[in-house]
Amino acid sequence: MKTKYIVGLIAGLFLPLGFEPFGLWGLTLVSLALLIFLLENLDKKQSFKVCFTFGLGYWLSGISWVYVSIHYHGNQDFLSSSLITLLFIICLSVYTGMVGLLYYYLSIAKNYNEMVIFPVCWFAIEIIRSSLFTGFPWLLIGTTLSGSILDGWISVIGSQGNTLILATLSGSLVVVYRNIKSTRPLFFSSLVVLTITFSSIFIKSIHWTTPYQEVTASVYQPNLTLEEKWSYEGITKTKNLIEESLKNSTRSELIIFPETALIQTKEVMEGWLGKINEEANSKEVSLLTGIMARNEAEITNNQMRNRIIGLGKATGSYDKIKLVPFGEFIPFEGIIGNLLDFMGLTITSTLPGNQYNLIESGDLKIAPSICYEIAFGNLVNNTAKQANILVTISNDTWFGESIGPVQHLQIAVDRALEHQKPVLRSTNSGFSAIIDNKGNIIAKSGFFEEDRIKSTLMTYSGHTPYASLGNLIGYIYVIISMMLWLCIKRTKV
């Protein structure tokens with residue numbers, strides 16, 4: 001059994017190589033196939049342990065970049081930062097372990113287990129992980145398919161639905177390997193692979209949305225260090241950059257600045273914002289920027305809101321709803337807060353928004369999201385269906401030159417594919433990007449460089465099946481699979 005645990009750990013280490021910046025989605029497929037193979041003929045505890053050790057490798061390889069934020073910006077020493085990161089990895093590995101436990105209880109017939117039950121188990125745990133304790137929908141394995149010939153289904157079932165496709169292909173690989181000399185299982189599993197592949201290619205050619213109007217967009221990346229950003233020097237630099245962006249803008253341009261580009265509130269900057277608003281209006285420019293917001297009661301309680309506002313031709317605002325646990329708020333504050341105080345970790349008390357708002361620029365409707373909210377497909381769905389373009393702003397400076405910001409950008413690409421609408425992404429230090437409605441990155445900034453990327457692109461109206469249905473098709477597939485499971489179980493009684 002020890003050999004299985006070691007092999008599971010190694011296989012898990014290879015799974016994140018399917019995500020950017022590596023993009024080797026075939027390794028994710030093989031990694032999962034190996035996990036399925038390892039789960040054969042195990043008891044309940046063994047199934048959990050194999051999946052748990054697989055999870056240790058999976059999350060150690062894929063998410064250990066959070067160490068950068070904890071160590072360099074949380075003022076923790078090497079040991080404390082490593083322990084906190086390890087604890088986070090262990091917690092996420094428990095979810096992966098639950099896949100094994102669920103698979104043990106639902107296993108009923110060879111071939112059906114690998115090709116149906118395992119994908120259902122993985123999909124179910126991903127849904128739980130994306131929702132429980134505010135959710136953490138990071139490194140969903142379906143995301144690895146974006147940009148491949150198998151990403152056609154994403155506009156119908158979303159990236160979480162693509163998890164079912166990838167896991168089914170992994171299960172098919174196991175069935176093919178195990179039944180290489182048996183005609184019937186080999187034929188059926190091969191048929192499934194071919195059906196998924198060719199249907200994906202066909203669906204990818206369908207235009208669910210229609211061209212609406214062309215816009216010229218400029219996405220700014222200020223590239224301030226965190227020390228600069230939260231200083232008067234940084235405030236002045238950002239203001240100058242915004243003023244410069246208006247001077248250099250063309251008529252009716254759409255300008256985007258990153259999350260909390262303005263760290264002072266609207267009330268403090270009322271005079272300056274009034275001038276910016278007036279100048280933007282004179283050129284019919286729509287300027288969107290992140291800003292800190294708070295009312296008098298929130299000032300008294302040292303609380304604030306993370307907001308994106310529209311200036312000039314753009315009207316409306318949106319307050320971040322999905323806050324980052326331990327970054328913007330403390331879960332179970334009564335219990336955990338004292339521990340963090342003891343460790344010297346200071347967490348900003350940010351209040352969540354409570355409304356999904358569009359920002360409008362004339363007839364153009366913009367669906368905003370802030371930071372890792374872009375990872376929540378169901379949250380983005382609330383406004384993307386009515387929008388013509390998606391805008392996401394972030395500050396990934398916390399994670400340095402790690403793979404975290406690259407993964408974040410890939411998630412934004414998924415949202416473009418799900419809705420067949422362009423995405424504008426502005427970050428403080430990278431990667432800012434302009435993504436078209438087919439998920440192609442048509443302009444991108446580098447890491448830690450001050451930059452402006454500009455492009456003219458088409459916006460779109462209408463919506464994809466995923467925009468209307470969300471994960472419903474995935475849920476229906478799970479229900480049908482479990483109904484077949486009951487039928488098989490009855491025949492065995």
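All figures in this text were calculated on a predicted structure; none of them were measured in a lab.

Below, the discussion takes up the packing of aromatic side chains. Under the criterion given, the structure shown has 19 aromatic pairs. Ring centres of Y67 and F78 lie 6.2 Å apart, and the angle between their planes is 70 degrees; this geometry places the pair in the edge-to-face category. Taken as a pair, Y67 in helix 4 (residues 66-73) and F78 in helix 5 (residues 78-106) lie far apart in primary sequence, eleven residues in all. The exposed category is assigned to F78, whose relative accessible area is 58%. Between the aromatic rings of Y372 and F376, the centroid separation amounts to 5.2 Å while the plane-to-plane angle is 90 degrees, which identifies the pairing as edge-to-face. Exposure class is identical for Y372 and F376. Each is buried. Through pairs of rings, three or more aromatic residues link up here, namely F54, Y58, W59, Y103, F118 and W122. K239 extends its terminal NZ or CZ atom over the ring of W272, reaching a point 5.4 Å from the ring centre. One cation-aromatic arrangement involves K444 over F431; the distance from NZ or CZ to the ring centre is 4.8 Å.

Time to look at the pairing of strand 13 (residues 441-444). Where strand 12 (residues 433-435) and strand 13 come together, three bridges link them in antiparallel fashion. Counterpart to I434 in the pairing with strand 13 is A443.

This part takes up the sheet that holds strand 10 (residues 389-394). An order of 5-8-9-10-11-12-13 is seen for the seven strands of this open sheet, with the pairing classed as mixed. Of all the strands in the sheet, the pair left with one neighbour each is strand 5 (314-315) and strand 13. Examined bridge by bridge, strand 11 (residues 423-427) and strand 12 share three bridges and lie antiparallel to one another. Across the sheet, R425 pairs through a bridge with A433, a residue of strand 12.

Attention now moves to the pairing of strand 10. Every other side chain in a regular strand lies on the same face of the sheet, so the side chains alternate between the two faces. Among the six residues that make up strand 10, six are buried, leaving the element largely enclosed by the rest of the structure. Here strand 10 shows no split at all, with I389, V391 and I393 on one side and L390, T392 and S394 on the other all buried. Where the polypeptide runs from strand 9 (residues 364-370) across helix 14 (residues 377-384) and back to strand 10, its parallel neighbour, the crossover connection is right-handed. As paired elements, strand 10 and strand 11 share five bridges and run parallel to each other. Counted as the bridge partner of T392 is R425 from strand 11. Taken together, strand 10, helix 15 (residues 404-419) and strand 11 form a β-α-β motif whose crossover is right-handed.

Let us look at a nonpolar patch on the surface. Together, I6, L9, I10, L13, F14, F22, L24, L27 and L60 make up an exposed nonpolar region whose accessible area comes to about 760 Å². Counting residues per element, the nonpolar patch draws most heavily on helix 1 (residues 2-14), which supplies five residues. Among the secondary structure elements, L60 is positioned in helix 3 (residues 44-63).

What counts, and where the lines are drawn
Counting restarts for each chain, with residues numbered from 1 along the sequence as it is written. In keeping with the predicted nature of the model, local features appear solely for residues at pLDDT of at least 70, side-chain atom pairs appear and are counted solely at 80 or more, and the whole-chain, interface and lining totals rest on all residues. To obtain the side-chain values, all non-hydrogen atoms of the structure were included, while hydrogens and water were left out. Only centres within 6.5 Å qualify two rings of Phe, Tyr or Trp (six-membered ring in Trp) as a pair; their planes then separate them into stacked at under 30 degrees, edge-to-face at over 60, and tilted for everything else. Secondary structure elements follow DSSP: runs of H or I no shorter than four residues count as helices, runs of E no shorter than two count as strands, and numbering proceeds from the N terminus. For each residue, the accessible area found with a 1.4 Å probe, counting protein chains only, is set against the maximum for its type, and the residue is called buried under 20%, exposed over 50%, and partly exposed in between. Geometrically, a charge over a ring is one whose NZ (Lys) or CZ (Arg) sits within 6 Å of the ring centre while staying within 35 degrees of the ring normal. Should DSSP find at least two bridges between two strands, the strands are regarded as paired. Convention used here: a crossover is right-handed provided that the path from the first strand, over the helix, to the second strand proceeds clockwise when the strands point away from the viewer. Residues forming no salt bridge and having over 30% relative accessible area are the ones grouped into patches, like charges within 9 Å of each other and nonpolar side chains (Val, Leu, Ile, Met, Phe, Trp, Tyr) within 5 Å. Computed with a 1.4 Å probe, the accessible areas rest on the Shrake-Rupley method; for each residue, only the protein chains presented here act as cover. For this analysis, a salt bridge means a side-chain nitrogen from Lys or Arg found within 4 Å of a carboxyl oxygen belonging to Asp or Glu.

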